[in-house]
Structure formats: structure tokens, C-alpha cells
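Chains, contacts and geometry: an overview
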Amino acid sequence: MMKHHADGEVLGEFLVSARSLAEYRAMFHLSDDDLTGRRILDCPGGAASFTAEASTLGAAVTAVDPIYARSTTELSVDAVTENDRAVAWAAANAHRYRWDWYGSPAGHAAIRRGAARRFADDVRAEPHRYIAASLPELPFPDGSFDLTLSSHLLFSYADRLDADFHLSALLELSRVTEGEARLYPLLDYTGAPLDDLIDHLRTELHDKGIPTALRKTHYEFHHGADTMLVLQPAT
Ligand SMILES: C[S@@+](CC[C@H](N)C(=O)[O-])C[C@H]1O[C@@H](n2cnc3c(N)ncnc32)[C@H](O)[C@@H]1O
């Protein structure tokens, strides 16, 4: 059951957004060393161009999202139209965001449209990089990735994904990752903080032998979204 926010603004279906490698670098504090020669999972991948762009730097990237069950032709069209919905949401809710990283809503729209087009080209050229699956169950053996990145699903959609879902998803991301799993942002899509949920999840993970840390990012789009959650290798 979807929880309604006090101001009555509720986002419909999950947005399929298209972030670029530059945004992933900033959100997840990524260096070239984090990318080159690494096995990386991007879940959810959405219509992001991270997979396409990081692959050209020598990363072995796998993107996971339920939308990848669609045909590559459909996906390449949907990437552009669904990203347009995400861009329109941000522009219509401009007061919720800081625009300095992008310069302006127009700068933001240009980066996102470029990323969606890059994704559309890559999903047709390299479809094996894009696996249809859904958290909390991923079709990979334990420790398949050196680094996992997860942006704008967990926490963002806490109005419809409950604490048990979050915990199961985090445990699954940790299971398939040998190194760190990094998650951003830690606010919901309206920009509301989720401190109680995050404290609860960190305690549960700690009790299961998974250390966690909060790390500052180089990026803040939603006001206050300047922190990522890092899951470290299980002890
Ligand atoms: C806002 S997009 C984020 C995409 C990308 N990480 C980015 O930052 O641009 C959210 C994505 O989560 C996907 N999604 C929804 N439920 C999911 C699930 N259970 N497991 C994995 N991905 C899911 C949606 O299909 C959508 O593409």
C-alpha cells in the first residue's frame, strides 16, 4: 500500500532514469582505480549510461533491472521517453533540488538525455551487459563483483518498499559482492530523511557480520543528499 506524503505528491511507477558516468563518479566517489579492470554490478541500472561508459574504461560492468526483460528495440525507445518523465519530475519539483552541479534544469536535462541515448545505443550493441532480474534475488554466485553500485531504488522508494525488502535487498547485494557495495541516496524521492530506517538496517547488517559506514559524497542533488551507505565485506 503506497503511503501518501503530507503534501499529497506521490510519484507513480518507478522512474527509469538515465544517469551518466560523471554522476555515478560523483555520487559514489569513484576513482579510475575503482573502475579499471574491476567487475562491477550496477543494480538498478535503469537507463543509465554508466555501464556503457565505464566499459570503455576497462571495467567489466553488469547492469541489472527488471526492465531489461523488454526487447532491446523497446528498451532503446523507452529509455528516452521514460527518462524524459524523470527529467520532467525534477523540473516540476525544482525546489527540492540543488542545481549547482548541473548549472540549471536545462543542463540537467541535457546530461540525462545524452545518457539515455548512450544507454539506448549500448543496449542494442552489447545486450549481454544488461540482465533482467529484480532485487531481492540476483542470479549471480557469491562474490561475483568487486564493487556494487545501487542508486535511486532503495531508500528513494521507501513509500512502497518496506524495511524487510530493504534488508533482503542489502543482504543480496552484499552476498554477490566481494568488495564494497555503495548505495545512494539515503533520502526518499521527496527528499525526506530516513534516519530510523537506516539505523535499523545498519544494526541488522552489523548483527549479520556485515560492517557498514556512512561516507560523504561529492554530489548533492536532493537538498541534504550528501551521504552514501557503504556495505563492507562480511567479516
Ligand atoms: C530511478 S531508476 C535508477 C536507475 C539508475 N541507477 C540511475 O541512477 O539512473 C530506478 C530503477 O529501479 C528499477 N527497479 C524497480 N524495482 C526493482 C527491483 N526490485 N530490483 C531492481 N531494480 C528495480 C526500475 O525499473 C528503475 O529502472
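For the structure itself, consult the block above.
What counts and what doesn't
- Residues numbered from 1 in each chain as written.
- Predicted model: local features only at pLDDT ≥ 70, side-chain atom pairs only at ≥ 80, totals over all residues.
- Heavy atoms only, no water.
- 1 Å grid on protein atoms, 1.4 Å probe; cavity = no way out; pocket = protein on both sides within 12 Å on 5 of 7 lines; lining within 4 Å.
- Points joined across faces, edges and corners; volume = space filled by probe spheres on them.
- Helix = DSSP H or I, 4+ residues; strand = E, 2+ residues; numbered from the N terminus.
- Nonpolar A, V, L, I, M, F, W, Y, C, P; charged D, E, K, R; others polar.
- Near = heavy atom within 4 Å.
- Polar contact = N/O pair within 3.5 Å; in protein donor to acceptor, adjacent residues only side chain to side chain.
- Areas by Shrake-Rupley, 256 points an atom, 1.4 Å probe, with all protein chains shown as cover.
- Sits in = over half its atoms within 2 Å of the grid points.
- Axes fitted to C-alpha atoms, helices over the stretch in contact; angles between N-to-C directions.
- Parallel < 35°, antiparallel > 145°, perpendicular 65-115°, else oblique.
- Left-handed = near helix turned anticlockwise from the far one by under 90°.
- Contact = heavy atoms within 4.5 Å.
- Pairing = 2+ DSSP bridges.
- Core = buried A, V, L, I, M, F, W, Y, C linked by side-chain atoms within 4.5 Å.
- Buried < 20%, exposed > 50% of the residue type's maximum accessible area, 1.4 Å probe, protein only.

**Brief notes about the layout of surface pockets**
As a volume, the largest pocket reaches approximately 730 Å³. Lining the largest pocket are 45 residues, with Phe-14, Leu-15, Ser-17, His-152 and Tyr-157 sitting closest to its centre. Among the elements of the structure, α4 (72-92) and α5 (105-125) are those that each provide at least two residues to the lining of the largest pocket. A class-by-class count of the residues in the lining of the largest pocket yields 28 nonpolar, 9 polar and 8 charged.

**Describing empty space enclosed by the protein**
Scanning the entire structure with this criterion turns up 1 cavity of 30 Å³ or more. The space that makes up the largest cavity amounts to roughly 30 Å³. Every residue lining the largest cavity is listed: Ser-174, Thr-177, Gly-179, Ala-181, Leu-231, Gln-232, Pro-233 and Ala-234. It is strand β5 (residues 177-184) that contributes the most residues to the lining of the largest cavity, 3 residues altogether.

**Things to note about the site of the ligand**
Taken together, 20 residues lie around the ligand, and Arg-19, Pro-44, Asp-65, Leu-135 and Ser-151 are the ones closest in. Backbone polar atom of Leu-135 to a nitrogen atom of the ligand: 2.9 Å apart, as the coordinates give it. For the ligand, whose unbound accessible area comes to 600 Å², protein coverage reaches 94%. The cavity where the ligand resides is the largest pocket. Here the shell around the ligand is built from residues that sort into 12 nonpolar, 6 polar and 2 charged.

**Let's talk about the packing of α4 against α5**
In contact at an axis separation of 9 Å, α4 and α5 are set at 165° when each is read in the N-to-C sense. Between α4 and α5, the angle falls in the class roughly antiparallel. Considering only the axes of α4 and α5, their crossing is right-handed. Contacts between α4 and α5 involve Thr-72, Leu-75, Ser-76, Ala-79, Val-80, Asn-83, Asp-84, Val-87 and Ala-90 from the first element and His-108, Ala-109, Arg-112, Arg-113, Ala-116, Arg-117, Phe-119, Ala-120, Val-123 and Arg-124 from the second. Class assignment for the residues of the contact of α4 with α5 results in 10 nonpolar, 4 polar and 5 charged.

**Regarding the sheet that holds strand β2 (residues 60-64)**
The strand order across the open sheet built from 7 strands is β3-β2-β1-β4-β5-β7-β6, with neighbouring strands paired in mixed fashion. The open sheet has two free edges, formed respectively by β3 (130-131) and β6 (212-216), since each of these has just one partner strand. Note that β5 and strand β7 (residues 227-231) share 3 bridges and pair antiparallel. Within β7, the position partnered with Leu-183 by the bridge is Leu-229.

**Re the nonpolar core**
Ranked by internal contacts, the top residues of the largest apolar core, which has 61 residues, are Leu-41, Phe-50, Leu-138 and Phe-155. The residues touching Phe-155, leaving out its near neighbours within four places in the chain, are His-166, Leu-183, Pro-185, Leu-186, Leu-187, Asp-188, Leu-194, Leu-197, Ile-198, Leu-201 and Leu-229. Ranked by size, the runner-up nonpolar core spans 14 residues in total, among them Ala-63, Tyr-68, Leu-75 and Ala-79.

**As for the environment of Ala-181**
Locating Ala-181 in the fold gives a position in strand β5. The class for Ala-181 is buried, based on a relative accessible area of 1%. In contact with Ala-181, not counting residues within four places along its chain, are Thr-148, Leu-229, Val-230 and Leu-231.

**Quick word on unusual backbone geometry**
Residue Pro-136 is bonded to the preceding Leu-135 through a cis peptide linkage, with omega at 15°. Its place among the elements puts Pro-136 in the loop between β3 and β4 (145-151). Here the residue pair Tyr-184 and Pro-185 is connected by a cis peptide bond, since its omega of -5° sits within 30 degrees of zero. Position of Pro-185 among the secondary structure elements: in the loop between β5 and α7 (195-207). At His-29, a position not held by glycine, the phi torsion is positive, near 55°. By the element assignment, His-29 lies in the loop between α1 (21-28) and α2 (32-35). For His-29, a relative accessible area of 35% corresponds to the partly exposed category.

In short, geometric facts, not functional conclusions.
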